[in-house]
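Chain by chain, the residues run as shown.
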Amino acid sequence: MANDEVLPGLPPPPPRGASALPPGTYDGTVVLVTGGGTGLGKAVAAEFARLGADLVIASRQADRLLAARDELAELGGRVTTVVCDIRDADRVAEAFDAAQAAYGLPGVLVNNAAANFPVPAEDMSPNAWRAVVDITLTGTFLMTREFARRHLAAGTPGSVIDVGASYAWTGGPGFAHSAAAKAGVKSLVETLAVEWGPYGIQVNGLVPGLMPHDDMTADIRGNLDRARDLAGRQPALRTGHPRELGWAATFLASPYARFITGHTLVVDGANWQRRGLVNPPVVPVREQMGRGPYEG
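Residues numbered from 1 in each chain as written. Predicted model: local features only at pLDDT ≥ 70, side-chain atom pairs only at ≥ 80, totals over all residues. Heavy atoms only, no water.

A.B. asks: Tell me what's going on with the packing of helix α1 (residues 39-50) against helix α2 (residues 62-73), and back it up with residues and numbers.
C.D. replies: Where α1 contacts α2, the two axes come as close as 10 Å, and the packing angle between them is 30 degrees. By the angle between their directions, the pair α1 and α2 is classed as roughly parallel. As for how α1 packs across α2, the hand of that crossing is right-handed. Contact with α1, carried on its side by K42, A45 and A46, involves A68, E71 and L72 of α2 and no other residues of that element. In terms of residue class, the contact of α1 with α2 is made up of 4 nonpolar, no polar and 2 charged. (Axes fitted to C-alpha atoms, helices over the stretch in contact; angles between N-to-C directions. Helix = DSSP H or I, 4+ residues; strand = E, 2+ residues; numbered from the N terminus. Parallel < 35°, antiparallel > 145°, perpendicular 65-115°, else oblique. Left-handed = near helix turned anticlockwise from the far one by under 90°. Contact = heavy atoms within 4.5 Å. Nonpolar A, V, L, I, M, F, W, Y, C, P; charged D, E, K, R; others polar.)

Given below as structure tokens:
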């Protein structure tokens, strides 16, 4: 390759508001999105709203939910909010009760809520481990179980989408708690798809790549800022757009994907599969995070 050759990378996506699905695909469908008040969860909720869904967005933070509700309502659909700690089975049941009272039983559940922050494993406290695993894995299970129980009792089909992470396959140095939890989520997708397929319930996973947005935590934003040239670090030579995750979600839960279940779709421009011909030097996680030696 000549030094002055400019590589094109993957083309940019269609503009915001575009969709590959017919207008009204989700008319009459209730979609419940956890963590739907911010970031990628809100972006996913927006694409369902554009296609006619009635939205229920859930989070532990009421103020974020109210702001997101007003924004999502501008897309034309009905939106209601539910404050819910997904680690608590009773609160989860109450959230579904509220959703049913507002619009009816959700036909689609998007488990987007998760917790994460970078920390070397040796520095991780038991509380830090529990917080991330309880929200990301236990919360996902409790939401999915409640969704399935209600559909099994009603004899109705449904679709679950669990937002995962590529380090469920590869491991995640610096994120041992989250990587372990996301590996559990991937296993749930594959297990529950088989258990509940005979009853008409799909369960799929969806993994975002690097999709910068305004709601990223300070820790993650700081790591990205230190990396610089984010586009040049991706095989696509660009980062993703949150709406691209939303488009994938609306397809997986749509009537056009009924025979897809137990699958995890990675939307990251092949970045997680990237390998060099020669591995770069090993830099310990502590050093990458700017931490000194472990002192016990």
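A.B. asks: Residue-level account of the nonpolar core, with values.
C.D. replies: In this structure, Y26, V31, F48, L55 and V110 are the most contacted members of the largest nonpolar core, which totals 29 residues. Of all elements in the fold, only β1 (30-34), α1, β2 (54-59), α2, β4 (108-111), β5 (158-163) and α8 (242-252) reach the threshold of two or more residues within this core. Residue contributions to this core peak at 6 residues, all from α1. Not counting residues up to four positions away in its chain, the partners in contact with Y26 are L21, F48, L51, G52, A53, V108, A249, T250, A253 and S254. (Core = buried A, V, L, I, M, F, W, Y, C linked by side-chain atoms within 4.5 Å. Buried < 20%, exposed > 50% of the residue type's maximum accessible area, 1.4 Å probe, protein only.)

A.B. asks: Outline the side chain of D268, supporting the account with residue identities and numerical values.
C.D. replies: Locating D268 in the fold gives a position in the loop between β7 (264-267) and α9 (285-288). Of the buried charged residues, D268 lacks a salt bridge, with R275 as the closest side chain of opposite charge at 8.9 Å. Of the polar contacts made by the side chain of D268, one reaches the backbone nitrogen of W272; its length is 2.8 Å. If we ignore the near neighbours within four places in the chain, the residues touching D268 are P208, G209 and Q234. (Lys, Arg positive; Asp, Glu negative; His and termini not counted. Salt bridge = Lys/Arg side-chain N within 4 Å of Asp/Glu carboxyl O. Polar contact = N/O pair within 3.5 Å; in protein donor to acceptor, adjacent residues only side chain to side chain.)

A.B. asks: Lay out the packing of helix α4 (residues 126-154) against helix α6 (residues 176-196) with the relevant residues and their values.
C.D. replies: Axis separation between α4 and α6 bottoms out at 8 Å; the angle between their running directions is 15 degrees. By the angle between their axes, α4 is roughly parallel relative to α6. The hand of the α4/α6 crossing is right-handed. The residues of α6 that touch α4, namely those facing A128, W129, V132, V133, T136, L137, T140, F141, T144, R145, A148 and L152, are A176, H177, S178, A180, A181, K182, G184, V185, L188, L192 and W196. Across the contact of α4 with α6, the residue classes tally to 15 nonpolar, 6 polar and 2 charged.

A.B. asks: Pulling in residues and values, what's your account of the sheet that holds β7?
C.D. replies: One open sheet accounts for 7 strands, arranged β3-β2-β1-β4-β5-β6-β7; its pairing is parallel. Sheet topology places β3 (79-83) and β7 at the edges, where each strand pairs with a single neighbour. Going across the sheet, the axis of each strand differs from the next one's by a mean of 20 degrees, ignoring polarity. In this structure, β1 lies alongside β2, joined through 5 bridges in parallel fashion. Across the sheet, V33 pairs through a bridge with I57, a residue of β2. Its contacts with the sheet place α8 against β5, β6 (201-208) and β7, and it is angled at close to 165 degrees to β6. (Pairing = 2+ DSSP bridges.)

A.B. asks: Can you lay out the pattern of salt bridges for me, pointing to particular residues and giving the numbers?
C.D. replies: Opposite charge on two side chains lets them pair, provided their charged atoms get close. Tallied over the entire structure, the rule returns 14 salt bridges. Across the pair R91 and E94 runs a salt bridge whose closest N-O atoms are separated by 2.8 Å. A residue pair is termed a helical-turn pair when its members lie 3 or 4 positions apart in one helix, as R91 and E94 do in helix α3 (residues 89-102) at 3 residues. By relative accessible area, which is 33% here, R91 ends up partly exposed. One salt bridge in this structure joins R286 and D123, with 2.9 Å as the shortest N-O distance. Of this pair, R286 sits in helix α9 while D123 sits in the loop between β4 and α4; the two residues are 163 residues apart in sequence, bridging distant segments of the chain. Three or more residues joined by partner-sharing salt bridges are found here, namely E122, D123, R286 and R291.

A.B. asks: Could you give an account of empty space enclosed by the protein, naming the residues involved and the relevant values?
C.D. replies: Scanning all chains against the criterion turns up 1 cavity of 30 Å³ or more. Its boundaries defined by the atoms lining it, the largest cavity holds a volume of some 50 Å³. D162, G164, A165, A168, W169, K182, V185, K186, V189, G205, V207 and T264 together form the lining of the largest cavity. Those elements that provide at least two residues to the lining of the largest cavity are α5 (167-170), α6 and β6. Broken down by element, the residue count for the lining of the largest cavity peaks at 4 residues, all from α6. Here the residues of the lining of the largest cavity are counted per class, giving 6 nonpolar, 3 polar and 3 charged. (1 Å grid on protein atoms, 1.4 Å probe; cavity = no way out; pocket = protein on both sides within 12 Å on 5 of 7 lines; lining within 4 Å. Points joined across faces, edges and corners; volume = space filled by probe spheres on them.)

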